[in-house]
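In case you want the letters, here they are:
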Amino acid sequence: MSKNNLILYAAILVFGLAAPFIFPAFKVQLSILCVLIVLAITWNIQGGEMGYNSFGNILFYGLGMYLCASVQVGMFFPLAEWTESGGEKTFVHTPAQFFQGMAVGLVVAAVVPTIVAGLIGYSILGLRGHYFAICTLGLGVAAGEISGGIEIIGAGQGFTTPPFPNIGSLEARGEFFYFLSFFTLILTFIAVRSIYSTRFKLILNAIRDNEDKAEAMGIETMKYKIIGWMISAFFCGLAGGIMGGLVGYIDSTDVAFDGREMGVFMVLMAILGGKGTLWGPIIGATVFHIFKEGFWTFFLGWQYVALGVLIIVIVIYFPEGIMGWLREKYPERFGEVVDEKDRKAQVELK
Amino acid sequence: MKLTRIILSFISAVAILFSMSATSFAKVVGDKIVLGAAVSLTGKYSSNGVHTQNGYNMAVDRINSMGGVKVGGKTYKFEIIYYDDESNPKRAAQLAERLISQDGVEFMLGPYSSGLTKAMAPVTEKYGVPMVEANGASRSLFTKGYKYLFAVLAPANLYLDVAIKTAVELNGGKGVKVAMAFEQDAFSQDVRLGILDAIKETGSTKVIDDKLPKELNDMAATLVKVKQMKPDVLVVSGHTKGALTAIRQIAEMKVDVPMLAMTHCDAAKLSKQHGKNSQYALCASQWHKTLTYKDDFFKDGMTYDADFNKMFGYAPPYQAAESSAALLVFKDAFERANSFDQKKVRDALAATDMQTFYGNIKFAPGGQNVSKPMVLFQVMCDAAGKCENKVVAPLKWASAKLIHPVPKWSER
């Protein structure tokens, strides 16, 4: 790792650790930002590196959310009574129960979606192009409808996750969820970054560029596609589990399997930042989140129109995303040697 | 690597942005009491979200123009900060957090729908912010032990059980066959539970129990089943869109059923939008303009109806009326607490016992309003095709007699 990189990472780490204290009122938004970045980074493994536009990652996110909350409740209380609407009993987690439940819940929320990804991957990853995109779109919708009919997790009533225990100050909840999501983000980043430095990334790129050729070269593409999806599922599940606790209320189609918002947002963020790059999804998610929050404050009632305009602008002016645009504008900063004549010639050709 | 510099400058830009936007209001500024509210201005609940907002605004206007709120010998005026929750619980929870921790709001008004209220209540509860809500009726809101949540409306399970009981009564006390179609959302599912209780109690049977998707715009499959099974009562609940869809498709498919019971008929302006097709529909309502409750601000239901019509150009559905009532409750509590201390205001709210144009308000320990019954009205049309909602139950306020069974389509 070069010295410059070290400085960068240290700066981000310090900023990340200090952020909830510098901007105490924005803890929730910052936590959500971390979750969004995790989703964008993991989507990029499929959409960016592998060339498989997945709308199905929301499945793992929602699964993680329900699993984490169910485990957290189910470990200590009867789950059916907790979610029952007319129930007269009130259950309260002690702080120890809350954190133990959360810890076990997050492990389950990460592991089960990974297994699910492995299982369904065999059939679904055989599809390519539009067929894959449409099939995965269906996954999220189906999961939302199915979970909306399962009584034990609240069905259409929704699922209120355990309230944060009363420990110390009012800020404890915000800080807890912020650091949880921030460390998940770091974990995701380190994992993905180290994966990208191996042959694995080259294989994913080979699949993206020409899957048949890659197979002809002796790469077991199916195996790598599934592994890639399982990695995404692991972190998406984790992100979902955290988000469930953060929001405090799980609704089948509006919060958990929220393909219409989160499912689309993760794609948008990765594309906005520049898919197929490590930093693109991170920058994309940050810019997107800031714009989104800004629109919500200043264009009340018109925020989706503003967001729509933003998307159109991105597609027209930054088809390669922010990173792609920067790379084209300042190629030398990305360590590319540019021959001016050659560049001009290329521009004219375009 | 120069990339580092780009990213570092980007981070600092983000930091600056964040710190710039950190403006903060206080709960009571000068002579203003600032209330926070997230309502659905967009998304699937947008029409009811607007009714809610109009109800709030109307009451703010009225209370402010009639002298405001007197606390500690000083007069204060209400002001509301609104956000759009997009009919999305995730967003609603975030906005509650934002209203409290960023905007410094110390008193909240509820959003529209049970699901969104469920998402916001844990947040307001955590910060000890009293929330008077007018549109979250799901029973599970009141069994979580919330101390700072107060609902001016009757809980959801009471919406339509009267209809089942009436049907049984008209059937000579024998059980009836009930067909149910409910949207997959917190409110409608709770109405369903209320119906299930009523079925059990009266020895009736359920013949259809369908769950319908959100943003309900097709229920043909259920209606085909209804044609086959010939139930005595068809119960439908799915907010405004559910009511509109049900009426449209029942008329299209000419489905004959002796009793059709629904929610949200007045919010959907059924009698106006579907005219004669909506005739005979039986609707659960929290309020009706002909009820005889009174208060000093809106006088009575008829006056409220007229004033609202003048201000917003349409007849107020009960969602607007109950929202207005929420502010009357707040005003009353502030004055009795004679303080802006959240705990004191909370205790004053808990001790509320008053009459408003919308009904009597007195909170049970769980936070629900226990002193106001639901009413049932039926859409009735005259020969000229002009349709109106007439109260048919409870008998105390009934202005018309229930028409039962509903005439067949072939005889209309």
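Residues numbered from 1 in each chain as written. Chains lettered and ligands numbered in written order. Predicted model: local features only at pLDDT ≥ 70, side-chain atom pairs only at ≥ 80, totals over all residues.

Student: Explain the environment of Gln319 of chain B to me, using residue names and the numbers behind them.
Tutor: Residue and element names in this part refer to chain B. Note that Gln319 resides in helix 11 (residues 318–337). Remark: the alpha-carbon pair of Gln319 and Ala267, spanning 52 residues in sequence, is separated by 7.2 Å. Those residues in contact with Gln319 that lie beyond four places of it in its chain are Asn48, His51, Thr52, Gly55, Tyr112, Asn135 and Ala267. (Helix = DSSP H or I, 4+ residues; strand = E, 2+ residues; numbered from the N terminus. Contact = placed C-beta atoms within 7 Å.)

Student: Residues and numbers for the interface of chain B and chain A, please.
Tutor: Counting from both sides, the interface comprises 49 residues of chain B and, opposite them, 49 residues of chain A. For the side of chain B that touches chain A, the secondary structure elements donating two or more residues are helix 1 (3–20), helix 3 (89–102), helix 4 (114–127) and helix 6 (186–202) of chain B. The element that contributes the greatest number of residues to the side of chain B that touches chain A is helix 1 of chain B, accounting for eleven residues. When its residues are assigned to classes, the side of chain B that touches chain A shows 21 nonpolar, 16 polar and twelve charged. (Nonpolar A, V, L, I, M, F, W, Y, C, P; charged D, E, K, R; others polar.)

Student: Account for the sheet that holds strand 11 (residues 259–263) of chain B, with residues named and values stated.
Tutor: All names here are of chain B. The seven strands are arranged 9-8-10-11-12-17-18 in an open sheet whose pairing can be described as mixed. What marks the edges here is a single partner per strand, and that holds for strand 9 (205–212) and strand 18 (387–393). Adjacent strand axes in the sheet meet at a mean angle of 25°, parallel and antiparallel pairs treated alike. Of the strand pairs in this sheet, strand 12 (residues 282–285) and strand 17 (residues 375–381) are connected by four bridges, and their pairing is antiparallel. When the bridges of strand 17 are listed, Ser285 appears paired with Val375. (Pairing = 2+ DSSP bridges. Axes fitted to C-alpha atoms, helices over the stretch in contact; angles between N-to-C directions.)

Student: Report on the environment of Ala320 of chain B, specifying residues and quantitative values.
Tutor: Residue and element names in this part refer to chain B. The residue Ala320 is located in helix 11 in this model. The class of Ala320 is buried, set by 31 C-beta atoms lying within 10 Å. Ala320 sits 264 residues away from Tyr56 along the chain, and the two C-alpha atoms are 7.5 Å apart. The residues contacting Ala320, other than those within four sequence positions of it, are His51, Asn54, Gly55 and Phe308. (Buried ≥ 20, exposed ≤ 12 C-beta atoms within 10 Å, placed from the backbone.)

Student: Quick one: what's the story with the environment of Tyr66 of chain A, residue by residue and with numbers?
Tutor: Within the secondary structure, Tyr66 of chain A is located in helix 3 (residues 57–74). If we ignore the near neighbours within four places in the chain, the residues touching Tyr66 of chain A are Ser147, Ile153, Ile250 and Ala256 of chain A.

Student: So, the packing of helix 3 of chain A against helix 5 (residues 95–124) of chain A: which residues are in play, and what are the values?
Tutor: Residues and elements named next belong to chain A. Axis separation between helix 3 and helix 5 bottoms out at 8 Å; the angle between their running directions is 145°. You can see that helix 3 and helix 5 cross each other, and the crossing is right-handed. Here Phe60, Leu63, Gly64, Leu67, Cys68, Ala69, Val71 and Gln72 of helix 3 come into contact with helix 5, specifically with Gly101, Met102, Val104, Gly105, Leu106, Val108, Ala109, Ala110, Val112, Pro113, Val116 and Ala117. Of the residues contributing to the contact of helix 3 with helix 5, the split by class is 16 nonpolar, four polar and no charged. (Left-handed = near helix turned anticlockwise from the far one by under 90°.)

Student: Break down the domain arrangement of chain B for me, citing the residues and quoting the values.
Tutor: Residue and element names in this part refer to chain B. Taken as a whole, chain B is organised into domain 1 (28–154 + 291–362) and domain 2 (158–285 + 382–411). Using only C-alpha atoms to locate each centre, domain 1 and domain 2 end up separated by 29 Å. Residue-level contacts link 17 residues of domain 1 with 14 residues of domain 2. Residues that form the side of domain 1 that touches domain 2 fall into these classes: six nonpolar, eight polar and three charged. (Domains from an automatic or database assignment.)

Student: Could you give an account of the packing of helix 13 (residues 280–298) of chain A against helix 15 (residues 321–329) of chain A, with specific residues and numbers?
Tutor: Residues and elements named next belong to chain A. Viewed as axis vectors pointing N to C, helix 13 and helix 15 meet at an angle of 115°, and their least axial separation amounts to 7 Å. The segment helix 13 lies against helix 15, with Gly280, Ile283, Gly284 and Val287 engaging Gly321, Ile322 and Met323. Split into classes, the residues belonging to the contact of helix 13 with helix 15 amount to four nonpolar, three polar and no charged.

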